[in-house]
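# Descriptive structure summary
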Amino acid sequence: MLAYIVRRLISIPFLLLGVASVSFLLSQMTKGDPLAALVPERMMSNPEIVEAVKAEWGLDKPLPVRYVRYLGNLIQGDLGTSFSTRRPVATDIAERLPATLELVIAAMIIGTALGLCLGLLSARFRGSAFDSLARIFALIGSSLPIFWSGLILLYLLSVRIALVPGTGRLPPRVQPPPTHTGLYTIDALIAGDISLFWQALAHLALPAFVLGWAVTGIITRLVRSSLIEGLGQDYARTARAKGAPERVVLIGHALPNAMIPLLTILGFTFAYLITGAVLTEAIFSWPGIGSYAVRAAASLDYPAIGGVTIVGSVAFLLANLLTDIAYAWANPRIKVH
Amino acid sequence: MSEPLLDIRDLRISFRGPDGTWSEALRGVDLSLERGGVLGVVGESGSGKSIAMMAFLQLLPRGARISGSARFNGEELIGMAPSRIRQIRGKNIGCIFQDPLSAFNPVLTIGSQIAEAIRLHDRSVSRREALKEAERLFEMVSIPQPARRVRQYPHEFSGGMRQRAMIAMALANRPELIIADEPTTALDVTVQAQILDLLADLRKELGIGLVMITHDLGVVAGIADEIAVMYGGKVVERGPTDPVFYDTAHPYTAGLIGAVPTLEGTGALRQIPGTPPSIFTRPQGCSFNPRCERAEAVCLREDPPFAVHGRTSCACHFPLGPSLRVVGS
């Protein structure tokens, strides 16, 4: 098992080089002009300034030279400098990734807990009014666009009844806790600042719920259908023949089998949300990786695009590896070599 | 005479067909088993032999309509409250299923599944004690290295070992009755014989009643005291084992016997032509009539009554006479 994990980890850098190459070459093939982000419009007519800027950012070199230089820097951990923030992309990402991680982890916890509960109850009382209500709740979560549900909830819960604070990670003018993990809730606890922790948690609650609700839909349906399938299997009949009540058949027998497909979905959903929580981040002014990616793509900020692509790829590769490990743990028939 | 261990009277089960009408899968079945006795229930798939047993254990899928009576130790099982039948299942009546691979939960160890069977009926037993008991049960059914084996998963067992584990699980609470549904069908022929011997020895040793459901007359020949042959949702012939084999009255039973390979047999095995009827398209009259060489006009009109013929009882308008009886193996 350990050898397997090490082998998988070793393969990750090579896969990333491939991903970086593809993302670099694809972004070079786009029609737009990155100079638009670098040179103010009224100076575009001045060839000297344009040439100087090109030289400064290395855009005057032919493509193969830029490609090799990009990969060379990448191997040393240098993702380049963002055209628009004028700061190292790695610094930008290091600042923004924890915000996204905090949001996505919270959303996954909410979505998984809610999805498991609803799925279990739906399977237990299938065909009942509860089953229908849970299905509608799940369906709304996965089909309502987040920019709509997020805005409505923000308006209702924050503007109208002030149950939760507004957007952002903390109230304005509140200093974030000293950075350990970059997750404000955790860092506040590490700093022993309980009131700051509650403030950070209150800001996290609504965006995490909105994003988690979307996840709940998938998980509820998956858990419900896996459990109902399990209840019809021979092993469920054996359990009943042993005298097990339906609750034990469901939780003791069908649920461990339902964990197998669930883990796969959880891993991929998590990885997807790292770069896919854009809408939630935009609505709640959450300074995460998704909004950074959108801005980078809009302004043809190649280094930033490449950086985000690599973060997304790492998230997928790691999530994939974790999923495989969890899978082997949940399913004794799987042996990893 | 003492009360039978299991007494089934006029058991009927209906399912709703695809067109919404109810069809009878079991059409009035009478069976009984003395304490410590062995009853073989024989028939092709679709004859209703399995659902008869699943019905009184209330293990049928929802939507089945059940009527009649099934008394276990004098207690009526049909319509019994779910909480009471759960106490009986696994405690007083153990079950062995056909395919031991799918009948065990693939993601739980065999030992924990046997421990569960014990702890469901006695909360005072700790998990650890229950696992120890599972090891003792493994010894009883001759599974080598029990301490290691209880920690393994179903896929790590061979087919024969799995079925031994299944038997161990059925025996866990020392039941009075075991229902074995095709216990050897999924196994290799050599392993079949071992499992049958094991089952026969253990039930004799522990004095457990056994209902053996099978499509293979050969399986029950050596073990059953009494045999009931089922066809089309009814018992068509019933009697002590020897007469059923040697003084066969029903043409269907004769057909089944003709299909059993024997050591002395030289000719080709005879097969019964045709296929058993679906419960939704059962023929008029005797349900065996489309496949019966002896069928006449009355067989197409009237379902024959169940009556004594010689040393067995059967439901046939033209039972086999002594001269026509198939000479068994």
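A brief look at the structure comes next. (Residues numbered from 1 in each chain as written. Chains lettered and ligands numbered in written order. Predicted model: local features only at pLDDT ≥ 70, side-chain atom pairs only at ≥ 80, totals over all residues. Heavy atoms only, no water.)

Residue and element names in this part refer to chain B. For Ala 64, the location among the structural elements is in the loop between helix H1 (49-56) and strand E4 (65-72). C-alpha separation for the pair Ala 64 and Ser 14, spaced 50 residues apart in sequence, amounts to 5.7 Å. Apart from the residues within four sequence positions on either side, Ala 64 is in contact with Ile 13, Ser 14 and Phe 15. (Helix = DSSP H or I, 4+ residues; strand = E, 2+ residues; numbered from the N terminus. Contact = heavy atoms within 4.5 Å.)

This next bit is on a nonpolar patch on the surface. All names here are of chain A. Together, Phe 147, Trp 148, Ile 152, Tyr 155, Leu 156, Val 159 and Leu 279 make up a nonpolar patch on the protein surface, roughly 680 Å² of accessible area in all. The dominant element in the nonpolar patch, judged by the number of residues it contributes, is helix H7 (residues 146-160), at six residues. Inspection of the secondary structure assignment puts Val 159 in helix H7. (Patch = residues over 30% accessible without salt bridge, like charges linked within 9 Å, V, L, I, M, F, W, Y side chains within 5 Å. Areas by Shrake-Rupley, 256 points an atom, 1.4 Å probe, with all protein chains shown as cover. Salt bridge = Lys/Arg side-chain N within 4 Å of Asp/Glu carboxyl O.)

Another aspect to go through is the interface of chain B and chain A. Between chain B and chain A, the residue contacts involve 25 residues of the former and 20 residues of the latter. Summed over both partners, the interface of chain B with chain A comes to about 2,000 Å²; 60% of that surface belongs to carbon and sulfur atoms. For the pair chain B and chain A, the interface holds one salt bridge. Residue Glu 116 of chain B pairs with Lys 242 of chain A through a salt bridge whose shortest N-O separation is 2.8 Å. Put simply, chain B and chain A have 12 residue pairs in polar contact (both at pLDDT 80 or more) between them. Broken down by element, the residue count for the side of chain B that touches chain A peaks at three residues, all from helix H4 (residues 110-119) of chain B. (Buried area = accessible area lost by both parts, 1.4 Å probe. Polar contact = N/O pair within 3.5 Å; in protein donor to acceptor, adjacent residues only side chain to side chain.)

What follows is about the packing of helix H5 (residues 89-124) of chain A against helix H6 (residues 129-143) of chain A. Residue and element names in this part refer to chain A. Look at H5 against H6: their axes get within 9 Å of each other, and the N-to-C directions meet at 150°. The angle between H5 and H6 falls in the class roughly antiparallel. The element H5 and its partner H6 pack so that their crossing is left-handed. For the pair formed by H5 and H6, the contact residues are Leu 114, Leu 118, Leu 121 and Ser 122 on the first element and Phe 130, Asp 131, Ala 134 and Phe 137 on the second. When its residues are assigned to classes, the contact of H5 with H6 shows six nonpolar, one polar and one charged. (Axes fitted to C-alpha atoms, helices over the stretch in contact; angles between N-to-C directions. Parallel < 35°, antiparallel > 145°, perpendicular 65-115°, else oblique. Left-handed = near helix turned anticlockwise from the far one by under 90°. Nonpolar A, V, L, I, M, F, W, Y, C, P; charged D, E, K, R; others polar.)

Residues and elements named next belong to chain B. Here eight strands make up an open sheet; going across it, the order is E6-E7-E8-E3-E9-E10-E12-E11 and the pairing mixed. Looking at strand neighbours, the two that pair on one side only are strand E6 (93-96) and strand E11 (306-309), the edges of this open sheet. Strand-to-strand twist of the sheet, defined as the mean angle between neighbouring strand axes without regard to direction, takes the value 20°. The pairing of strand E3 (residues 38-42) with strand E9 (residues 226-231) spans four bridges and is parallel. Among the inter-strand pairings, Gly 40 is bridged to a residue of E9, identified as Ile 227. Sitting on the sheet, H1 is in contact with E3, E6, strand E7 (177-181), strand E8 (209-214) and E9, with an inclination near 140° to E8. Along the sheet, helix H7 (residues 159-171) makes contact with E6 and E7, crossing E6 at roughly 170°. (Pairing = 2+ DSSP bridges.)

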